[in-house]
Amino acid sequence: MKIDLMNTTSSKINAALMDARRGSGATAAGMVLTLVIVTDEGSAYDALKAANDASREHPSRTLAVIKRAGRSPRARAETRLDAEILVGSDAGSGETVILRMHGELAAHAQSVVLPLLLPDAPVVVWWPENAPQHPAQDPLGALAQRRITDAVTAESPVGQLAQRAASYTPGDTDLAWTRITGWRSMLAAALDQHPVKITSAVVEGESYNPSVELLGLWLTTRLRVPVERVVTAGPGITSVTLRAKDGAITLDRPDGLMGTLSMPGAPDRQVALKRRETSELIAEELRRLDPDDIYSAAVRTPVERLREPAVAAAEPEAQPVVVEAAVAAPTRVTAKVPAAKAPAKAAPAKKAVSAAKKAVAKKAAPRKRSGS
């Protein structure tokens, strides 16, 4: 069922929702939360499709806020609220209201959204693109218990992590973090099966991907070991290596579909690590509405920590020589040079000294014989 309301108000929208619910034979709402999507016309379709798919697991009232302030003074002076209500199969397992706010009303979206929130139910706000610098201080973000952003959509995705760290408030999260849930689960399970002391780690993945950086920062905070960041062609994260004295644990996924888990003393195993759709990511985030302390610790770790060289204190003779290789801004990675090649530069110097000593001895020998 689809209902269009032009130049309307929040109270009329609420009344239309009640009438639509009665018309469909539903006497109770049966929804567990309110999902507010702050988007524009260009991203509205994909965001609503993802929200509708996620609502089959989490029945919710979805409010899509589309701000259309207008470019001309005349358009900005026209304050109007248009609504499009979707109920039934068109709205997944809940209700969807698309709110188009024109003119001055676009600057006061919270006054429209507040009366439409489900009573006594959690509120989640999601910015598919153009998230505010401080989500918790945003007028709409202040209404929510959970605030979802996506660093991938920013102009500088990796640089956006620093902004997320500076503005972090309990309840904030990012879909770049959600994308690495499978990797974190597999690596944690591998260490449970093969408990060893990790000395260093390497994370490989495409440039400008904040998920790769977050995975490296998570390993840094949880294992407290140096982590190297290596850029590859992708897609996404391609490989993670955890180094130990008796061998390395490697999780490799070159194609974005299936991964291969390799551990010392065990045969290689194929694991499912498919890159997930946005609807699956949103559904995962809606499963828990409490603050994510692990994400907080990871995002607050400076990305520069990934440039640190891997130093093995217990084996100084085996220390690798590490050089920094510049990659696309704003990130840099470290590339390892084998330790065996490092002393090669000293060989010519030793040969030169030896040759000089022989020359001096050769010249001194005749003078000794002539003097005698």
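You'll find the structure just up there.
J.: Could you give me a rundown of the pairing of strand β11 (residues 237–244), with the residues and numbers involved?
T.: Judged by how many residues are buried, β11 sits mostly within the fold: seven of eight residues are covered. In terms of strand pairing, strand β9 (residues 198–206) meets β11 through seven bridges, oriented antiparallel. Across the sheet, residue A201 finds its bridge partner in β11, namely L242. Pairing geometry for β11 and strand β12 (residues 247–252), over six bridges, is antiparallel. Its bridge partner lying in β12, L242 is registered against I249. Linking two consecutive strands that pair antiparallel, namely β11 and β12, is a turn of two residues.

J.: Residue-level account of the sheet that holds strand β8 (residues 172–174), with values.
T.: One open sheet accounts for eight strands, arranged β1-β4-β5-β3-β2-β6-β7-β8; its pairing is mixed. Whereas interior strands pair on both sides, the edge strands pair on one side only; in this sheet they are β1 (2–5) and β8. On average, adjacent strands in this sheet sit at an angle of 15° to one another, irrespective of strand direction. In this fold helix α1 (residues 10–23) packs onto β1, β3 (60–68), β4 (80–87) and β5 (95–102), with an angle of close to 15° to the strand it touches most, β4.

J.: Describe in detail the nonpolar core, supporting the description with residues and values.
T.: Within the largest apolar cluster, 35 residues are counted, with the highest numbers of intra-cluster contacts made by L187, L215, L219, V240 and L242. For this core, the element with the highest residue contribution is helix α8 (residues 210–223), accounting for six residues. Beyond its immediate sequence surroundings of up to four residues, V240 is in contact with W183, L187, V202, V203, L215, L219, I249, T250 and L251. Counting 27 residues, the second largest nonpolar core, distinct from the first, contains L17, V65, L105 and V125.

How each quantity is defined
Residues numbered from 1 in each chain as written. Predicted model: local features only at pLDDT ≥ 70, side-chain atom pairs only at ≥ 80, totals over all residues. Heavy atoms only, no water. Buried < 20%, exposed > 50% of the residue type's maximum accessible area, 1.4 Å probe, protein only. Helix = DSSP H or I, 4+ residues; strand = E, 2+ residues; numbered from the N terminus. Pairing = 2+ DSSP bridges. Axes fitted to C-alpha atoms, helices over the stretch in contact; angles between N-to-C directions. Contact = heavy atoms within 4.5 Å. Core = buried A, V, L, I, M, F, W, Y, C linked by side-chain atoms within 4.5 Å.

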